[in-house]
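Residues per chain are reported as follows:
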Amino acid sequence: MLGLGLSTGHFRNLPHLTDSSRVPSKTAGNCLIRPGLAEPVPSLLLYLVLPSLLMGPSTAVMGYSFSLLQKGIQKDPTASGYRVGVFQAGNILGCTIGSLLCGLWLLDDFGTSNTLRAMMFIGVIMAAIGMISTTSRIRFTTMMIIILMLIAFIPTNSALWVRLHGQSGSSEIRIAEDMTGISALTPKANSQNWWIWANGKTQSLLPYGGFHTKLGVLPVTLVPDAGSVAIIGLGSGDTAWAAACRTTTKQMPFDITALLPATSTPLNFFSSVGES
Amino acid sequence: MCTWSPTPTVHATFRRAFPYVAELEQGLLLIGSNEPISIDPDSWKARIAECSQYLGQGITDDCSRAVDGAQPAEPSYPSDFVNTDLFPFDEFN
């Protein structure tokens, strides 16, 4: 729990991303790479140092807890086999239930930030059990206070994702998340355009007109009689809109599969702007 | 079928899957079929132009320019490195 809190604290230290620091990829979208990150040392920072800062503390604490638990359950040689079995079964059961709860319910209904809080609150419950059932009350009380402080330290869902998308707190950014992923809409600097993000990567621009538009227009205009259209994408609507260009002259059945349904939520912002 | 082809592996895999492939935008956009693809730029541009009211002139012009570079892709070679379910190379690189 402590590791989780410390890791989350690092989110505040992530750099802001500006449009000038986003270099165009050679293809569809733009990539979240700062100039010069293709060089070895910055890549090392991005792919080794940053993940270590984010995941290192929690991983180290989890590993340390394993040795402590083993030490606790292997005191009596006659019962250690049974205890190890119960411990492993509990571990597997907890992992299974936890991943199902987070993936199917908590992330969808409460968001990442509140899910992190809920996970850390389990630590508060454990500390409370320790206070009641052991004589080390001061130690467990201290632990509970620290965890509660770390829970308070976790940013709100909006602040968390704004920062993780490299934006400043004042940015006009719209974010939606569900069990399939996270999507965002951010204004492009010095223009009327908006970036459409899917799972932390810019995928498309509003208004449409980039590479994804060609992915929709070119195949449906290749032949005189395109029968039907099936589109699989992240849900920005760019390719689907473009592929519908021939529906003005001919009827064409459409079948669209959005791999990231959350993308449609930020796009609704423009519907409301249009209505107002 | 039409796809974005961001890597040589995607390009090779697509050519392995489809017997007939047309490539545009310097190979970044691929169109594949089980039947031969007839590349007729003039007719293709005419059909794009029919949609200009829907697409806008800028996008129409962009797409028409892309058609100019359309060409049949080379067939797949057995030595080409392809992405498969068991070896999803691109997903981890």
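Residues numbered from 1 in each chain as written. Chains lettered and ligands numbered in written order. Predicted model: local features only at pLDDT ≥ 70, side-chain atom pairs only at ≥ 80, totals over all residues. Heavy atoms only, no water.

Digging into the packing of aromatic side chains
The cut-off we apply is this: Here a pair means two rings of Phe, Tyr or Trp (six-membered ring of Trp) with centres within 6.5 Å. Their orientation is stacked below 30 degrees between planes, edge-to-face above 60, and tilted elsewhere. In this text, helices come from DSSP runs of H or I with a minimum length of four residues, and strands from runs of E with a minimum of two, each type numbered from the N-terminal end.
Scanning the entire structure with this criterion turns up five aromatic pairs over all chains. The interplanar angle of 50° and the centroid separation of 5.7 Å between the aromatic rings of tyrosine 208 of chain A and tryptophan 241 of chain A together place this pair among those described as tilted. Of the two residues, tyrosine 208 of chain A sits in the loop between β4 (201-206) and α6 (211-222) while tryptophan 241 of chain A sits in helix α7 (residues 238-243), which places them 33 residues apart along the sequence. Joined through ring pairs, the aromatic side chains of Tyr208 and Trp241 of chain A together with Tyr54 of chain B make up one cluster.

Considerations on the confidence of the model for chain A
Low-confidence regions, as indicated by low pLDDT, have predicted coordinates that should not be scrutinised in detail. Which entries qualify depends on this criterion: Across the chain, each position has a pLDDT score giving the predictor's confidence in that residue, from 0 to 100.
Averaged over every residue, the pLDDT of chain A is 79; the share at 70 or more is 76%. Across chain A, the secondary-structure element scoring lowest on mean pLDDT is helix α1 (residues 2-9) of chain A, at 52, and the one scoring highest is helix α4 (residues 137-153) of chain A, at 93.

Considerations on the packing of helix α3 (residues 80-133) of chain A against α4 of chain A
All names here are of chain A. Threshold: In this analysis an axis means a line fitted to C-alpha atoms, helices contributing only their contacting stretch, and an angle means the value between N-to-C directions, from 0 to 180 degrees. Any angle that is under 35 degrees is reported as roughly parallel, and any over 145 degrees as roughly antiparallel; angles of 65 to 115 degrees are reported as roughly perpendicular and all others as oblique. Helix crossings are classified by the rotation of the near helix relative to the far one: an anticlockwise turn of less than a right angle makes the crossing left-handed, while a clockwise turn makes it right-handed. By definition in these notes, contact holds between two residues if any of their heavy atoms fall within 4.5 Å.
At a minimum axis separation of 8 Å, α3 and α4 run at an interaxial angle of 165°. Considered as vectors, α3 and α4 are oriented roughly antiparallel to each other. In the crossing of α3 with α4, the sense of the turn from one axis to the other is left-handed. Where α3 abuts α4, its residues Arg117, Met120, Phe121, Gly123, Val124, Ala127, Ala128, Gly130, Met131 and Ile132 lie against Arg137, Phe140, Thr141, Met144, Ile147, Leu148, Leu150 and Ile151.

Some points on the interface of chain A and chain B
A common measure of how large an interface is: the accessible area buried when the components associate. Condition: Values labelled buried area give the accessible surface lost by two parts on being combined, using a 1.4 Å probe and summing over both. Salt bridge criterion: a side-chain nitrogen from Lys or Arg within 4 Å of a carboxyl oxygen from Asp or Glu. Any pair of N or O atoms that falls within 3.5 Å is considered a polar contact. Within protein, one atom must be able to donate a hydrogen and the other to accept it, and sequence-neighbouring residues count only if both atoms are side-chain atoms. Polar here means any residue other than Ala, Val, Leu, Ile, Met, Phe, Trp, Tyr, Cys and Pro, which are nonpolar, and Asp, Glu, Lys and Arg, which are charged; Gly is therefore polar.
Contacts between the two partners involve 22 residues from chain A, matched on the other side by 22 residues from chain B. Between chain A and chain B lies a buried interface of about 2200 Å² when both sides are counted; carbon and sulfur atoms form 75% of it. Of all residues in chain A, Lys214, Leu218 and Leu222 of chain A give up the largest surface area on contact with chain B, accounting jointly for 29% of the area buried on that side. Where chain A touches chain B, the interface holds one salt bridge. For lysine 214 of chain A, the salt bridge is made with glutamate 25 of chain B, and the minimal N-O distance between the two is 2.7 Å. Along the contact surface separating chain A from chain B lie six residue pairs in polar contact (both at pLDDT 80 or more). For the side of chain A that touches chain B, the elements supplying multiple residues, two or more each, are α6 and α7 of chain A. The biggest single contributor to the side of chain A that touches chain B is α6 of chain A, with nine residues. When grouped by side-chain class, the residues that make up the side of chain A that touches chain B number 14 nonpolar, five polar and three charged.

Examining the pairing of β4 of chain A
Residue and element names in this part refer to chain A. The line we're drawing: In this analysis, strands are considered paired if DSSP registers two or more bridges between them.
Alignment of strand β3 (residues 194-198) against β4, held across five bridges, turns out to be antiparallel. Residue pairing in the sheet places alanine 198 in a bridge with lysine 201 of β4. Linkage of β3 to β4, two consecutive antiparallel strands, is achieved through a turn of two residues, within which asparagine 199 is found at a positive phi near 50°.

Considerations on the sheet that holds β3 of chain A
All names here are of chain A. Pairing within the open sheet is antiparallel, and its four strands lie in the order β1-β2-β3-β4. Edge positions in the open sheet fall to β1 (174-178) and β4, since each of these has one partner strand only. Direction aside, neighbouring strands of the sheet carry axes that sit 20° apart on average. Relative to strand β2 (residues 181-187), β1 runs antiparallel, the two being bridged by five bridges. Opposite aspartate 178, over in β2, you have glycine 181 as the bridge partner.

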